Amino acid sequence: MLKYLFLFTITPVQSFVEQARKTQDLYAGSFLLSHLCRTAGNKIHSDYGGNIIFPDLKNQSIPNRFIAIIDRQEAELKSIGENLQQATEDEFKKIANTVINNLKLTKPKGFDEQVENYFAINWIFLPYNEADYKQCYSDIESLMGAIKTVRAFKQFPDSERGRKCSICGERNVKFYRMTKGEKDENTLKKRKFFSNDVYIIPYQSYNQVSLRHLQSGEGLCALCFTKRCFDKVNIPNYEGSFSSTAKIALFEAFRQLKERRSDLIGILDSDKYEPQGIFILKNNKSLDEIVEESQIKDNTQTLYSALKDFKIGYSPYYAVMLFDGDSMGEWLTGDRVKNGSLLDFHKALTERLGFFANHVRTSINEPKGVTVYAGGEDFLGFFNLAYLLAEMKTLRENYDEIVNKPLKVFFKDEKDNMTFSAGIVIAHIKTPLSEILNWARKMEKEAKEIDNNKDAFAIAVLKHSGEIEKTVFKWRFESNYITDIISLIASEINADSLSNTFIKKLNQEMLRLMDKDGNFTEDWIIKTEIKRIVSRSCMRKDDESKEAFEERKKNIHDRLKLSRLLIHSKSVANFIALLNISDFMARQIKGESVL
Ligand SMILES: [Zn+2]
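Residues numbered from 1 in each chain as written. Predicted model: local features only at pLDDT ≥ 70, side-chain atom pairs only at ≥ 80, totals over all residues.

This brings us to the overall build of the protein. When its secondary structure is counted, the protein shows 21 helices and 15 strands. Relative to the 2.2 N^0.38 estimate, which gives 25 Å for 595 residues, the radius of gyration of the protein is 27 Å and therefore close to what a compact globule would have. Overall size of the protein, expressed as C-alpha extent along the three principal axes, is 85 × 70 × 50 Å. Across the 595 residues of the protein, 42% fall into the buried class. (Helix = DSSP H or I, 4+ residues; strand = E, 2+ residues; numbered from the N terminus. Rg over C-alpha atoms; globule rule 2.2 N^0.38 Å. Buried ≥ 20, exposed ≤ 12 C-beta atoms within 10 Å, placed from the backbone.)

And the structure:
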């Protein structure tokens, strides 16, 4: 019997996941998409004996597509594809309906249409010539590309008149919670929503829908509401209380607090406090706007006071990191893989990426950070600033150990490497999440554009004042990780043993020594200058002997490898930005900043 290669995809991915106001929305979108793709993948395996090549369906995060080999009659194929598609669409409808039923709401008109019209599911069967997997794989991918171009404009925003959803801005609002001043439902429908098809929940009515699921003044469409309330569906392994950005920013402070006040561990491990409230109290404002229960208010106040008593610093900044395997297209189509071994490579790659994804998921936890998705070659997660640099390096090193090295037997050129590039954004808890994610994508792109070999990272700091600082570097030069150098600079500044004024002085000096094209004529002058400036910016610590201080001043330039860093930077501005980011991180980690 003839075998077939089968490719199945669900789109859109990025907009579905990233239209998010909270980390919970983001996590729900990614989880839901994995769940739907798994539904189809499990079915082709259990009902039709299909053999999935990738991904490994046992992974918690799987991408929006899978590829399988199936051994069936040609006449059956169409109905198999249709059945898989139907099962996936039904599962999504079932989830949306379960949310409504479990919250005991009535479904507003137009809800079903929003749910039914959203996802585009595409699938293809292609006769599989076992002697030439590489060609078949390449054919099926290009066919899918062609189908997607044709159908790309299938989804359009709600064209009906009405107020659009607070999160996606595309579809009409279906659920709304009144604000304090709003009283009359009919007036609202007429004047605010231009539609009767909205389910309106009164201000301070929490019996059915809690504040966590819908804030006052928030209006959500069927999709965004389903994501927000996904914990009502009871799907195993779904985390109903995913850490907020405020909580992630406080992870390290809470860790220190637990060490000093074990009696507070009970509160900290519960969800009976509001992390965002700590920042509100720090700003001398009232908790009334964001917290309804008095117990939560009291606990938040207790934690705030305890942090203050122990002088534990914290910052309203946290980091988002996004990465993606470099040149995955070339790897998957076999351009860089030994002839005749592509199928085995795909199978081995699936396995290694699965190991890596599970490793990532189990190793990134409080207080370090949280994982939104870890699909193996791609990742999205949030980090507490105190752990960001170390975790970046660990991820990059582990990818090398767990994915790259074991797969080398398949590479055409033994010296070739599978790598990834990352976009990192350091942002304030008040900056909208969608804006931060756009920046993270943009930074990932800049990292990949560094040169043909990629293997780089780019960091942007989005300051609350609106100022933006960004830098891009390869992960390593010689055997040094750039992240280690940033850590070192930050810890010198943090420990008050190096004054951050050296950055400004360096910048002025460089500008003076550059010619009109931004080049230096004499490298040794630069090196001498950097050495002089950084050594003069050393500060003597209270407990430091004069000799030790002199020794430190003499060595600091070589220890921080500043001249080497400059040589490996694409420009002086990029180098100075790296130093400024190191300084910014040092101050935030120390917790000096005020909102
Ligand atoms: Zn929406």
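With six of seven residues buried, strand E12 (residues 456-462) lies mostly within the body of the structure. Here seven bridges tie E12 to strand E13 (residues 468-474), and the two strands are oriented antiparallel to one another. What sits directly across from Val 461, in E13, is Glu 469. Here E12 folds back onto E13 in antiparallel fashion, the turn holding five residues, of which Gly 466 has a positive phi close to 105 degrees. (Pairing = 2+ DSSP bridges.)

Our next topic: the packing of helix H8 (residues 245-260) against helix H10 (residues 275-282). It is the contact of H8 with H10, at a shortest axis distance of 7 Å, that shows an interaxial angle of 80 degrees. Between H8 and H10, the angle is such that the two are roughly perpendicular. In contact with Ala 246, Lys 247 and Leu 250 of H8, H10 contributes Pro 275, Gln 276, Ile 278 and Phe 279. Of the residues in the contact of H8 with H10, the class split is five nonpolar, one polar and one charged. (Axes fitted to C-alpha atoms, helices over the stretch in contact; angles between N-to-C directions. Parallel < 35°, antiparallel > 145°, perpendicular 65-115°, else oblique. Contact = placed C-beta atoms within 7 Å. Nonpolar A, V, L, I, M, F, W, Y, C, P; charged D, E, K, R; others polar.)

Once that is clear, we can look at the sheet that holds strand E9 (residues 369-374). In spatial order, the strands read E9-E10-E8-E11-E12-E13; together these six strands make up an open sheet with mixed pairing. Every other strand in the sheet has two partners, leaving E9 and E13 as the edge strands with one partner each. Recorded for the sheet is a direction-independent mean angle of 15 degrees between the axes of neighbouring strands. Pairing of strand E11 (residues 420-428) with E12 involves six bridges; the strand directions are parallel.

Here we take up the pairing of strand E10 (residues 378-383). The buried count for E10 comes to five of six residues, which makes it a mostly enclosed element. By the bridge criterion, six bridges tie strand E8 (residues 317-325) to E10 in an arrangement that is antiparallel. The residue bridging Asp 324 from the neighbouring strand is Asp 378, located in E10. As paired strands, E9 and E10 are joined by five bridges and run antiparallel to one another.

On to the domain arrangement of the protein. According to the domain assignment, the protein contains domain 1 (3-151), domain 2 (175-233), domain 3 (243-261 + 310-474), domain 4 (262-309) and domain 5 (493-595). Relative to domain 5, the C-alpha centre of domain 1 lies at a distance of 52 Å. (Domains from an automatic or database assignment.)

Quick look at the sheet that holds strand E3 (residues 65-70) now. Spatial strand order, E2-E3-E1-E4: four strands in an open sheet with antiparallel pairing. A strand with exactly one partner marks an edge of an open sheet, and here the two such strands are strand E2 (51-54) and strand E4 (120-128). Ignoring strand direction, the axes of neighbouring strands in this sheet form an average angle of 25 degrees. Both strand E1 (residues 3-11) and E3 contribute to a ladder of six bridges, which runs antiparallel.

Let's shift gears to unusual backbone geometry. Note that the residue after Thr 11, namely Pro 12, is joined by a cis bond; omega there is -5 degrees. Along the chain, the position of Pro 12 falls in the loop between E1 and helix H1 (14-18). With omega at 10 degrees, the peptide bond leading from Glu 366 into Pro 367 counts as cis. Here Pro 367 is to be found in the loop between helix H13 (342-363) and E9. You will see that Asn 237, though not glycine, has its phi angle at about 75 degrees, which is positive. When the 7 C-beta atoms within 10 Å are taken as the criterion, Asn 237 is described as exposed.

Turning next to the environment of Thr 371. Tracing the chain through its elements places Thr 371 in strand E9. You can call Thr 371 buried: it has 20 C-beta atoms within 10 Å. Once the C-alpha coordinates of Thr 371 and Val 360 are considered, the two residues, eleven residues apart in sequence, prove to be 7.9 Å apart. Those residues within four positions of Thr 371 in sequence are excluded, and the remaining contacts are Val 360, Arg 361, Ile 364 and Gly 381.

A few words on helix H3 (residues 77-102). Taking 1.5 Å per residue, 26 residues should reach 38 Å; H3 reaches 37 Å between its end C-alpha atoms and fits that length. All of the buried residues in H3 are Ile 80, Leu 84, Thr 88, Phe 92, Ile 95, Ala 96, Val 99 and Ile 100. Buried residues in H3 make contact with E1, helix H2 (23-48), helix H4 (111-116), E4 and helix H7 (222-228). One or two steps after H3, the chain reaches Lys 104, where phi turns positive at roughly 55 degrees. (Expected span 1.5 Å × (residues − 1).)

On to helix H18 (residues 523-536). Along its 14 residues, H18 runs 20 Å from first to last C-alpha, staying within 8% of the 20 Å computed at 1.5 Å per residue. Turning to H18, its buried residues are Ile 526, Ile 530, Ile 533 and Val 534. Looking straight down H18, one finds that the buried residues subtend no more than 90 degrees of arc, so they occupy a single side. Among the exposed residues of H18, those oriented more than 90 degrees off its buried face are Trp 524, Ile 525 and Arg 536. Close packing links the buried residues of H18 with helix H17 (501-513), helix H19 (546-560) and helix H20 (562-567). (Arc of directions from axis to C-beta.)

Running from N to C, H2 and H3 point in directions that differ by 140 degrees, and their axes come no closer than 9 Å. It follows that H2 is oblique to H3 by the angle criterion. In this structure, the crossing between H2 and H3 has a hand that is right-handed. Contacts between H2 and H3 pair Leu 36, Thr 39, Ala 40, Lys 43, Ile 44 and Tyr 48 from the former with Ile 80, Leu 84, Ala 87, Thr 88, Glu 91 and Phe 92 from the latter. In the contact of H2 with H3, the residues fall into eight nonpolar, two polar and two charged. (Left-handed = near helix turned anticlockwise from the far one by under 90°.)

Further remarks concern the environment of Ile 429. If you trace the backbone, Ile 429 turns up in the loop between E11 and helix H15 (433-448). In this structure the C-alpha to C-alpha distance between Ile 429 and Leu 103, which are 326 residues apart in sequence, comes to 29 Å. Residues in contact with Ile 429, not counting those within four places in the same chain, are Thr 245, Ala 246, Ala 249, Phe 279, Pro 316 and Tyr 318.

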